[in-house]
Amino acid sequence: MKTPLLLILILLFSMNAYSQTQINHIAVYVEDLKKSADFYRSVLGLEEIEEPFKDNLHAWFSIGTGASLHLIEDDKNPWVQPTINKINHLCFSMKDLDGFIEKLGKANIPFEDWPGEVGSINVRPDGIRQIYVRDPDGYWLEINDDFH
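Summarised in this report is the structure supplied together with it. Please read these numbers as outputs of a predicted model, since none were measured by experiment.

What follows covers the pattern of salt bridges. Overall, the coordinates contain nine salt bridges when judged by the stated rule. One salt bridge in this structure joins Asp126 and Arg124, with 2.7 Å as the shortest N-O distance.

Okay, structure coming up:
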């Protein structure tokens, strides 16, 4: 009787060890690394961090809690526009959403709410305000004020 109980405890412990998963990075395929890196650095204000490749095809940015965003340009194959819709998006939270919206206006970068109304802010049922903006390759980014 002790053997099955011991086996169950071992399985539960090993399953728990595997459930300790965290995000390390997100990789995004881009057409023009310089243009995309400038957007994420200048518009979103992400901090560029050291990247090991040093091949001018990668740019890495800190996105908090030890995770990073990797922008990757492919120099071996022609650009193929990925299928993009708003359901597939990255989300960034900011302390000052209104200040960010003002920055977008000064840069002539349009934003919209979830349904697609340009210049509108969406308010989720939990009170979090959010907007959607496209990066240089057309990827949707949600920007909200759920900053902790």
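Read from one edge to the other, the open sheet built from four strands follows the order β5-β8-β7-β6, with strand pairing classed as mixed. The outermost strands of the open sheet, each flanked by one partner alone, are β5 (89-93) and β6 (122-123). Here β5 runs beside strand β8 (residues 140-144); their pairing, made up of five bridges, is parallel. Bridging from a neighbouring strand, Phe92 pairs with Ile143 of β8. Lying on the sheet, helix α3 (residues 97-106) is in contact with β7 (129-134) and β8; it crosses β7 at an angle near 25°.

Tallied over the entire structure, the rule returns five aromatic pairs. Through a chain of ring-to-ring contacts, the aromatic side chains of Phe39, Tyr40 and Phe61 assemble into a single cluster. Here the basic side chain of Lys86 rests over the ring of Tyr132, its NZ or CZ set 5.2 Å away from the ring centre. When the ring centre of Trp140 is taken as origin, the NZ or CZ atom of Lys86, which lies over that ring, is 4.7 Å away.

Here the focus is the side chain of Glu112. Topologically, Glu112 is positioned in the loop between α3 and β6. At a separation of 2.6 Å, a polar atom in the side chain of Glu112 contacts the side chain of Lys86. Once you skip the residues sitting within four places of it in the chain, Glu112 turns out to touch Lys86, Glu117, Val118, Gly119, Ser120, Ile131, Tyr132 and Trp140.

About the criteria used
- Residues numbered from 1 in each chain as written.
- Predicted model: local features only at pLDDT ≥ 70, side-chain atom pairs only at ≥ 80, totals over all residues.
- Heavy atoms only, no water.
- Salt bridge = Lys/Arg side-chain N within 4 Å of Asp/Glu carboxyl O.
- Pairing = 2+ DSSP bridges.
- Helix = DSSP H or I, 4+ residues; strand = E, 2+ residues; numbered from the N terminus.
- Contact = heavy atoms within 4.5 Å.
- Axes fitted to C-alpha atoms, helices over the stretch in contact; angles between N-to-C directions.
- Phe/Tyr/Trp six-rings, centres within 6.5 Å; stacked < 30°, edge-to-face > 60°.
- Lys NZ or Arg CZ within 6 Å of the ring centre and 35° of its normal.
- Polar contact = N/O pair within 3.5 Å; in protein donor to acceptor, adjacent residues only side chain to side chain.

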